[in-house]
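# Fold and contact review
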Amino acid sequence: MALQDDPCSEVQVLLSFSTFSRPTTLPLGSGYEVLYETFLSVYGHHIDVLRKFIIQIYSDEWGQYIDFPKGFTILKKARLRLVPLQSEGTPLGNLTPDTTAFFCCDMQERFRPAIKYFEEIISVGQRLIHGAHLLGSPLIVSEQYPKGLGSTVPELDISAARLVYPKTKFSMILPEVEKVLAAFPEIRSVVLFGVETHVCIQQTALDLIGRGYEVHVVADSTSSRSMVDRMFALKRMAQLGVIITTSESVLLQLVADKEHPKFKAIQSIIKTSAPDSGLLLTA
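Residues numbered from 1 in each chain as written. Predicted model: local features only at pLDDT ≥ 70, side-chain atom pairs only at ≥ 80, totals over all residues. Heavy atoms only, no water.

## Let's talk about the overall build of the protein chain
Within the protein chain one finds 8 helices and 11 strands. The buried share among the 283 residues of the protein chain stands at 48%. (Helix = DSSP H or I, 4+ residues; strand = E, 2+ residues; numbered from the N terminus. Buried < 20%, exposed > 50% of the residue type's maximum accessible area, 1.4 Å probe, protein only.)

## Focus: the nonpolar core
Counting residues in hydrophobic clusters, the biggest one holds 35 residues, and the most contacted among them are F102, F118, L156 and V250. Listing elements by their share of this core, those giving two or more residues are strand 6 (100-105), helix 2 (118-135), strand 7 (139-144), strand 9 (189-195), helix 7 (247-255) and helix 8 (263-270). In terms of residue count, helix 2 provides more of this core than any other element does, 8 residues in total. Those residues in contact with V250 that lie beyond four places of it in its chain are L95, F102, L128, V191, V218 and T245. (Core = buried A, V, L, I, M, F, W, Y, C linked by side-chain atoms within 4.5 Å. Contact = heavy atoms within 4.5 Å.)

## Overview of the packing of helix 2 against helix 8
With their axes 10 Å apart at the nearest point, helix 2 and helix 8 run at an angle of 175° to one another. Here helix 2 lies roughly antiparallel to helix 8, going by the angle between them. Along the contact surface, helix 2 presents R127, H130, G131, L134 and L135, while helix 8 presents A265, I266, I269 and I270. (Axes fitted to C-alpha atoms, helices over the stretch in contact; angles between N-to-C directions. Parallel < 35°, antiparallel > 145°, perpendicular 65-115°, else oblique.)

## Section: the layout of surface pockets
Here the largest pocket defines a volume of roughly 470 Å³. If you trace the largest pocket, you find 24 residues lining it, with Y65, R81, K169, D207 and R211 closest to the centre. Sorting the residues of the lining of the largest pocket by element identifies strand 1 (10-17), strand 2 (20-27), strand 4 (64-67), strand 5 (78-87) and helix 5 (197-210) as the ones contributing at least two each. (1 Å grid on protein atoms, 1.4 Å probe; cavity = no way out; pocket = protein on both sides within 12 Å on 5 of 7 lines; lining within 4 Å. Points joined across faces, edges and corners; volume = space filled by probe spheres on them.)

## Focus on the environment of I55
Mapped onto the fold, I55 is located in strand 3 (residues 50-59). Residues I55 and S16, 39 residues apart in the sequence, show an inter-C-alpha distance of 9.8 Å. Setting aside chain neighbours within four positions, we find I55 in contact with L35, Y36, F39, D67, F68, L80 and R81.

## Regarding the packing of helix 7 against helix 8
Packed helices, taken two at a time, are described by the angle their axes make and the gap between the axes. With their axes 10 Å apart at the nearest point, helix 7 and helix 8 run at an angle of 170° to one another. Here helix 8 runs roughly antiparallel to helix 7, going by the angle between their axes. For the pair formed by helix 7 and helix 8, the contact residues are E248, L251, L252 and V255 on the first element and F263, I266, I269 and I270 on the second. Residue classes in the contact of helix 7 with helix 8 are distributed as 7 nonpolar, no polar and 1 charged. (Nonpolar A, V, L, I, M, F, W, Y, C, P; charged D, E, K, R; others polar.)

## What about helix 4 (residues 175-182)?
What helix 4 keeps buried is the set V177, V180 and L181. Viewed end-on, helix 4 has its buried residues packed into an arc of 100°, placing them on one side of the element. Exposed and facing more than 90 degrees away from the buried side of helix 4 are P175, K179 and A182. In this structure, the buried residues of helix 4 make contact with strand 6, strand 7 and strand 8 (163-167). (Arc of directions from axis to C-beta.)

## Section: the sheet that holds strand 6
Reading across from one edge, 8-7-6-9-10-11 is the order of the 6 strands in this open sheet, with parallel pairing throughout. Each of the sheet's edge strands pairs with one partner strand only, and the pair in question is strand 8 and strand 11 (243-245). Looking at each pair of strands side by side, their axes are set apart by 25° on average, direction ignored. Summarising the sheet, strand 6 and strand 7 pair through 4 bridges and their orientation is parallel. Opposite C104, over in strand 7, you have V141 as the bridge partner. Strands in contact with helix 5 are strand 6, strand 7, strand 8, strand 9 and strand 10 (214-223); relative to strand 9, the strand with the most contacts, it is inclined by about 165°. (Pairing = 2+ DSSP bridges.)

## Thoughts on helix 5
Helix length check: helix 5 (14 residues) gives 18 Å between terminal C-alpha atoms against 20 Å at 1.5 Å per residue, within 8%. In terms of burial, helix 5 is largely enclosed, as 13 of its 14 residues are buried. (Expected span 1.5 Å × (residues − 1).)

## Here's the deal with the pairing of strand 7
By the criterion of burial, strand 7 is predominantly enclosed, with 6 of the 6 residues buried. As for the winding sense of the linkage, the β-α-β connection from strand 6 through helix 2 to strand 7 is right-handed. (Right-handed = clockwise from strand over helix to strand, strands pointing away.)

Next up, the structure:
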């Protein structure tokens, strides 16, 4: 629904939550309080365990949803969506192979010279991909405009991925990805890594949280061109409930026990520590 002037006392609004959307009208000048009450009246039965959420508006300028500015009121037709931030209680961050998916975001050849510590995050990314394959967790791989930016780097073996797909949107959450996730209803957590931290990683994490998934961003396999952008993106994501973690922590948490049948295989992956880099200084 395009944003345009509406001279009436009621404003047409499209409310969205997860995969649901519903058109409605709101009084001209409605702010947060009215929006919260309206969202809860429409979608409350879907979000009864969610304690915190934000409302975002679709921006024609940016072509994506953005946070409401302070003191915002609705004066035009608008698309609005509710984004849950955390579930009741504190997320435990537990990972199990059968409830976890791995998302590899835009680890492509043309980014190699521009992204800080790219060789290091590729090395760590391969550890994660290998671990996902050993443990049977689904892997989804995106490639940002591969016609111009190239395919996923050859160092990453993505041959067993459930989906490798091109995109132009920053977020990895597109219909084809949602279709794969729908085929794995047991998935509750997503391990996310790739580039760039402050763009595609951050937007993907926010979209996943908005759909009720717990997100683990792997700090030693996630980077940007600017370390300032990376640092503040990690801080923002952490404030919104994203778990910032490391590759070794993820892999060991997935096996959980020395007696796990895949423990020795995972141990062989992490026997050599992940490469040290300047990423650790700016996480």
